[in-house]
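Summary of structural features
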Amino acid sequence: MKKFTLFIAMLLVAFAAEAAPLWMRYPAISPDGKQIAFTYKGSIYVVPAAGGQATRLTSSEMHSTMPVWSPDSKTIAFASDRYGNFDIFTVSVEGGSPVRLTTHSAKEEPYAFSNDGKKIYFGATIADPASSALFPKSSMGELYAVSVNGGRAEQVLATPAQLINFSRDGKSFLYQDRKGGEDDFRKHHTSSITRDLWLYNSSTGKHTQLTDWAGEDRNPIYADGDKSIYFLSERGGTFNVWSMPADNVKAAKQVTKFATHPVRFLSMADNGTLCFGYNGEIYTMAAGGSAKKLSVEITSDA
């Protein structure tokens with residue numbers, strides 16, 4: 001009887017794990033707002049934005065992570081270490097064989113497609129110009145771009161500029177800085193190396209600092225036709241979604257009210273729907289609405 005009871009309990013646990021998977025990381029909603037890509041147990045999955053059965057796009061035994069959508073919502077860029085280190089790959093949202101775009105031995109992390117979909121911007125520690133080689137450390141990388149057709153990558157900035165987000169005209173982008181080697185998942189961190197938000201104008205080469213709070217501000221995203229900026233901040237006690245007018249960054253206000261765990265991995269569809277991770281699960285938030293947890297089902301051979 002005890003063995004039978006244990007067997008039934010194990011079946012229930014296995015079913016619950018499939019019906020309510022935890023630790024889905026790097027969720028990113030597609031620009032058309034129809035699908036969400038995410039990382040789960042080292043593979044890239046896609047699920048309808050309304051929830052449901054997730055489809056696995058990568059099947060390598062190696063680790064694939066950090067999905068980024070193309071502007072037309074048809075292609076996903078991601079990082080994978082299937083050749084020993086993390087390189088940039090692309091794959092159709094319909095599935096198929098991933099295409100490798102970078103081959104350097106550095107760890108490369110995709111941030112964004114260009115507005116025309118022809119380039120992918122990524123971060124890596126490859127080479128500092130001699131004129132600015134102040135911090136020759138792996139934690140202090142540079143910003144690069146590579147064609148979606150592959151080829152030689154170009155250095156965009158010699159200083160760290162992470163999770164960039166382009167303006168509508170493509171002439172400037174928002175980014176979070178990096179001042180030191182602090183762990184990305186550390187909580188309640190206040191010091192001289194916490195991340196701040198910046199604006200970079202590619203026409204003039206000017207960097208404008210937008211936030212200077214003592215704690216963490218991250219993951220900036222343009223919204224409302226570039227009139228607003230959404231971002232993640234700990235200024236309310238734990239990471240939540242905040243927003244501020246692009247022309248009045250001092251008027252920031254808190255959007256989500258989570259109190260126990262940090263909100264991570266912010267993205268936004270063209271229709272204003274937010275997507276983010278909280279406590280290992282995926283949430284969406286329609287413009288003017290409230291946060292809703294996504295019901296995701298994953299079938300795997302684990």
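Preceding this section is the structure that the text describes.
Now for a look at the structure at hand. (Residues numbered from 1 in each chain as written. Predicted model: local features only at pLDDT ≥ 70, side-chain atom pairs only at ≥ 80, totals over all residues. Heavy atoms only, no water.)

Section: the packing of aromatic side chains
Going by this rule: Each pair of aromatic rings taken from Phe, Tyr and Trp, with Trp reduced to its six-membered ring, is defined by centres within 6.5 Å and is described as stacked if the planes are under 30 degrees apart, edge-to-face if over 60, and tilted in the remaining cases. When a residue's accessible area, from a 1.4 Å probe over protein chains only, is under 20% of the maximum for its type it is buried; when over 50% it is exposed; and in between it is partly exposed. Whether a charge sits over a ring comes down to the Lys NZ or Arg CZ being within 6 Å of the ring centre and within 35 degrees of the ring normal.
Taken as a whole and judged by the stated rule, the model has 17 aromatic pairs. Summarising the aromatic geometry, the rings of Tyr83 and Phe89 are spaced 6.2 Å apart at their centres and angled 10° between planes, so their arrangement reads as stacked. Relative accessible area serves as the criterion here: at 53%, Tyr83 is assigned to the exposed category. On the basis of relative accessibility, which here comes to 2%, the residue Phe89 falls in the buried class. Each ring, one from Phe166 and one from Phe173, has its centre 5.5 Å from the other, and the planes form 75°; the classification is edge-to-face. The same class applies to Phe166 and to Phe173, which are both buried. Among the aromatic residues, those joined into a ring-pair cluster are Tyr121, Phe166, Phe173, Tyr175, Trp198 and Tyr200. Here Arg82 stacks its cationic end above the ring of Phe89, 5.1 Å away from the centre of that ring. Between Arg235 and the ring centre of Trp242, over which it is positioned, the NZ or CZ distance is 5.5 Å.

Remarks on unusual backbone geometry
We apply this condition: Here a helix means four or more residues in a row that DSSP labels H or I, a strand means two or more in a row labelled E, and each is numbered from the N terminus.
The phi angle at Asp226 is positive, at roughly 70°, despite the residue not being glycine. The phi torsion at Phe265 lies on the positive side, around 60°, for a residue other than glycine. With respect to the secondary-structure elements, Phe265 resides in strand β22 (residues 263–268). Note on Phe265: relative accessible area 16%, which makes it buried.

Thoughts on the pairing of strand β11 (residues 119–124)
Each regular strand displays side chains that alternate between the two surfaces of the sheet. This is how it is decided: When DSSP finds two or more bridges between two strands, those strands count as paired.
Counted residue by residue, β11 has five buried out of six residues, so it is predominantly covered. Looking at chain direction, strand β10 (residues 109–113) and β11 are connected through four bridges and run antiparallel. Among the inter-strand pairings, Ala112 is bridged to a residue of β11, identified as Tyr121. Hairpin geometry of β10 and β11 is characterised by an intervening segment of five residues between the two adjacent antiparallel strands and by a positive phi of about 75° at Gly117. When β11 meets strand β12 (residues 142–147), the two strands line up antiparallel, connected through six bridges.

Re the sheet that holds strand β9 (residues 99–100)
Strands sit in the order β6-β7-β8-β9 across an open sheet of four strands; the sheet is antiparallel. Strands with a single pairing partner mark the edges of an open sheet, and in this sheet they are β6 (64–69) and β9. As defined by bridge partners, strand β8 (residues 87–92) adjoins β9 across two bridges and the pair is classed as antiparallel. Bridged to Thr90 within β9 is Val99.

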